[in-house]
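Architecture and fold: a report
As a plain string of letters, each chain reads:
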Amino acid sequence: MTNTPSDPTRRRALSSFVASSLAAIGTVGLSSKASADVSSPTSTNAPGKPTPAQAPDSLRKDEPNASHPSPADQPGATVRPIVKTGSDVFYRPTVHFSPTTGFMNDPNGLVFDGERYHLYYQYDPFAPYAGHVHWGHASSTDMLHWKDQPIAIPETEAGEAFTGCAVMDRANASGLFENSKGGMVALYTRASPDRQAQYLATSHDNGQSFTEYTHNPVLDIGSNSFRDPQVIFHKPTNQWVMVVAKSRLHQIAFYASIDLIHWVHLSDFGPSGLFGVDYECPNLIEVPVEGGGSRWVLFVSVNPGGPTGGSITQYFVGQFDGTRFIPDDTVIGLTDFAKDAYALQVYGNMPKAEAVSIAWLGNWQYCQELPTQSWRGCMTLPRTMTLRRDFAGWLRLAQTPRGLETLRDTAIAFEVKRIAAGSSAQVALPPGKALELLLFVTVDERPRDLPLGDKGRTGRFVITFGNDQGETLTIGFDAFSGQLWLDRDELKGFAQPFFTGQFSTVLNPDDRHFEIRVVLDACTLEIFANGGLSVGTALIFPVSPLDFLRLEANGAGATVERVELFQLRKVMERETAV
Ligand code: FRU
């Protein structure tokens, strides 16, 4: 089904108004240096002028142009029956969203409609591989307990339904709704092997189903590497603004519209940040600064090319004036110090402009080979985002799980106050249960007579989740350097060359104190250190349940200022280990 603005006269008037007013904005955009450069990427450059970056097109001409293969798009890929295995149950998270069957990647269309939070997602319902992309859908009233909903946007002859956003068109700016209350509008990429263009669809039933606009695409620049629109309403300039990736050019393009249908180019951001093959899933949001004020944050996902391998989301802190994003400095941030949080998207239409994100808990390097069969892919917990000054004065993103306290069930008794150098404290864990650990620790100053050794020049504090099969998942803190590490290498359920085991991050230099919040849930681990300034997200695949937790002080003793351990209540009716 397709639709057009309800009143043709209104539509004509709107079009000419949009054309003239946007032409004015366009002049501003085109006068920007970045736009002028990009509009003629192949033109002869003046001597010494760098040629704009342009990674080559994909050689896989029968799949949409992206740096990851989509095996399910190949003929015959979906005829094999999907087998459900014991691993499918054992590895299925209990507090993280995962699809019943099929393959899931990016979150899409994150929006609050006034009553429900929507989570649409990149979804192949037919196979545990990427391809035949539809928009799957779940909804929730707290972003934790999700209700499965019917597929919202299917693959069509025009292409797969790639990543995009949803906005609430409450004023009926699009003219596509019959009543003045407006409704939900989705903007997303239709991807075929030779074209990626932005499409629009409307929902007249609060996001349950969508009708594609008759005159799609609404934005097409003739590229096969142009995708993942996110749209926000920018109040100061009273216009809708779209950020969208020119993936192979390593640029984020900004467009404006007053009706969500007609779009005019404003400016381009980048190339900036990491080298990589594809820039994807840009998201722009105003984030509160702790202590007062706000800054704009532009998230740009890069795949492959992350410093920990494969997929990574980078971010820039700066200002947005309605036309251009101007970063405060040349520093880039990464949302994660491990490698399994990608394609971060933010919620739109949030009360009090709360900044909340969800990312795909995966990495294109191995997501299609994970040891589950009937389903693959899960989402991170929803995370509240703020900006905070770190030890060096940089404004950095702080992420904390949103509302997780509401899932806390029985606390597991674990009384520890002091751990002497060389000793440890241990507690049994209920197998299969999602757990939350809160831990504040200060490592002692190194005794003066202790020789420098391989246990760190002061001490190391080691948190181990393990079992008697010899599997361990460790998180450690090195008090001398103020760094944290994560080691998933001693879990034996999955091996693949890119599934690397060790990651690290710096907390505060010259600080023997750390605070950490850990969420362990079947195949997922999320670490929020020092109030969420350092976040590590990792897939984990133990062969047997991790049934003990051990805290250990090496080299120097440690004072445990706070230790709390909770079982978390399951959020969905899915077959899981518990
Ligand atoms: C990011 C991405 C997007 C694309 C989608 C396809 O993970 O490659 O650029 O729209 O996945 O599923």
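Summarised in this report is the structure supplied together with it. (Residues numbered from 1 in each chain as written. Predicted model: local features only at pLDDT ≥ 70, side-chain atom pairs only at ≥ 80, totals over all residues. Heavy atoms only, no water.)

So, on to the overall build of the protein. Looking only at helices and strands, the protein has three helices and 36 strands in total. Within the protein, the fraction of its 578 residues that count as buried is 59%. A separation of at least 24 residues holds for 64% of the contacts in the protein among residues at least 6 apart in sequence. (Helix = DSSP H or I, 4+ residues; strand = E, 2+ residues; numbered from the N terminus. Buried < 20%, exposed > 50% of the residue type's maximum accessible area, 1.4 Å probe, protein only. Contact = heavy atoms within 4.5 Å.)

This part is about empty space enclosed by the protein. This structure, assessed with the given rule, holds five cavities of 30 Å³ or more. What lines the largest cavity is a set of 18 residues, among which Gly432, Lys433, Ala522, Pro545 and Leu546 lie closest to the centre. Approximately 120 Å³ is the volume attributed to the second largest cavity. Lining the second largest cavity are 17 residues, with His68, Asn105, Asp106, Gln122 and Phe162 positioned closest to its centre. Going through the elements one at a time, β2 (102–112), β6 (160–169), β10 (226–234) and β14 (278–288) are the ones with two or more residues in the lining of the second largest cavity. Per-element accounting of the lining of the second largest cavity gives the leading share, three residues, to β6. (1 Å grid on protein atoms, 1.4 Å probe; cavity = no way out; pocket = protein on both sides within 12 Å on 5 of 7 lines; lining within 4 Å. Points joined across faces, edges and corners; volume = space filled by probe spheres on them.)

Glancing now at the sheet that holds β10. A sheet is described by the order of its strands in space; here four strands give the open sequence β10-β11-β12-β13, paired in antiparallel fashion. Either end of the sheet is taken by a strand with one partner, and the two such strands are β10 and β13 (264–269). Going across the sheet, the axis of each strand differs from the next one's by a mean of 25°, ignoring polarity. As paired elements, β10 and strand β11 (residues 239–246) share seven bridges and run antiparallel to each other. Looking at β11, one finds that Phe233 is bridged to Trp240. (Pairing = 2+ DSSP bridges. Axes fitted to C-alpha atoms, helices over the stretch in contact; angles between N-to-C directions.)

Moving on: the pairing of β10. Both faces of the sheet carry side chains from a regular strand, because those side chains alternate between them. Burial of β10 is extensive: eight of the nine residues sit out of reach of the surface. From the end of β10 to the start of β11, which pair antiparallel, there are four residues, and Asn238 there has a positive phi angle of about 55°.

What follows covers the layout of surface pockets. Considering only enclosed or pocket space, the largest pocket measures out at about 860 Å³ in volume. Around the largest pocket sit 36 residues that line it, and Ile232, Phe233, Gly348, Asn349 and Met350 are the ones nearest its centre. Elements supplying a minimum of two residues to the lining of the largest pocket: β2, β6, β10, β14, β15 (294–303) and β19 (342–346). Classifying every residue of the lining of the largest pocket by side-chain character gives 22 nonpolar, nine polar and five charged. Quantified by volume, the second largest pocket comes out at close to 550 Å³. Together, 29 residues line the second largest pocket, and Tyr315, Ile332, Gly333, Leu334 and Arg396 are the ones closest to its centre. The set of elements that each furnish at least two residues to the lining of the second largest pocket consists of β16 (312–320), β18 (333–334), β23 (395–401), β31 (502–506) and β34 (534–539). Top contributing element to the lining of the second largest pocket by residue count: β23, with four residues. Broken down by class, the residue content of the lining of the second largest pocket amounts to 15 nonpolar, nine polar and five charged. (Nonpolar A, V, L, I, M, F, W, Y, C, P; charged D, E, K, R; others polar.)

A word on the site of the ligand. Taken together, 13 residues lie near the ligand, and Asp106, Gln122, Arg227, Asp228 and Trp364 sit nearest. Arg227 places a polar side-chain atom, nitrogen or oxygen, 2.7 Å from an oxygen atom of the ligand. If the ligand stood free it would expose 320 Å²; the protein chains cover 99% of that surface. When atom positions are compared with the pocket grids, the ligand is found to occupy the second largest cavity. Those elements that place two or more of their residues in the shell around the ligand are β2, β6, β10 and β14. A class-by-class count of the residues in the shell around the ligand yields five nonpolar, four polar and four charged. (Near = heavy atom within 4 Å. Polar contact = N/O pair within 3.5 Å; in protein donor to acceptor, adjacent residues only side chain to side chain. Areas by Shrake-Rupley, 256 points an atom, 1.4 Å probe, with all protein chains shown as cover. Sits in = over half its atoms within 2 Å of the grid points.)

Within the structure shown, the criterion is met by 27 salt bridges. The salt bridge involving Arg227 is made with Glu280; its shortest N-O contact spans 2.6 Å. Residue Arg227 is located in strand β10, and its partner Glu280 is located in strand β14; the two are separated by 53 residues in the primary sequence. What makes Glu280 buried here is its relative accessible area of 4%. What emerges from the salt-bridge pattern is a single network uniting Arg227, Asp228, Arg248, Asp278 and Glu280. (Salt bridge = Lys/Arg side-chain N within 4 Å of Asp/Glu carboxyl O.)

To continue, consider the packing of aromatic side chains. For the coordinates displayed, the defined rule picks out 28 aromatic pairs. Relative to Phe499, the ring of Tyr366 lies with its centre 4.9 Å away and its plane at 85°, an arrangement referred to as edge-to-face. Here Tyr366 is found in the loop between β20 (356–360) and β21 (375–376), whereas its partner Phe499 is found in the loop between β30 (483–490) and β31, with 133 residues between them in sequence. Residue classification places Tyr366 among the buried residues on the basis of a relative accessible area of 1%. (Phe/Tyr/Trp six-rings, centres within 6.5 Å; stacked < 30°, edge-to-face > 60°.)

Ranked by size, the top nonpolar core spans 44 residues in total, and within it Phe461, Ile463 and Phe465 carry the most contacts. Broken down by element, the residue count for this core peaks at five residues, all from strand β27 (residues 434–443). Not counting the four nearest positions on each side in its chain, Ile463 is found in contact with Leu437, Leu439, Leu473, Thr474, Ile475, Phe514, Ile516, Leu549, Arg550 and Leu551. With 28 residues, the next largest nonpolar core counts Met143, Met350, Val356 and Leu568 among its residues. (Core = buried A, V, L, I, M, F, W, Y, C linked by side-chain atoms within 4.5 Å.)

Note on backbone geometry: most residues besides glycine have negative phi, and most peptide bonds are trans. Cis peptide bonds are those with omega within 30 degrees of zero, and the linkage from Asn216 to Pro217 qualifies with 0°. Put simply, Asn303 and Pro304 share a cis peptide bond, and its omega is -20°. Its location among the elements puts Pro304 in the loop between β15 and β16. Phi is positive for His132, which is not a glycine, with a value near 45°. Tracing the backbone shows His132 in the loop between β3 (117–124) and β4 (134–140). Although it is not a glycine, His250 adopts a positive phi angle of roughly 60°.

Note that every value here comes from positions in space, so none of it alone points to a role or purpose.
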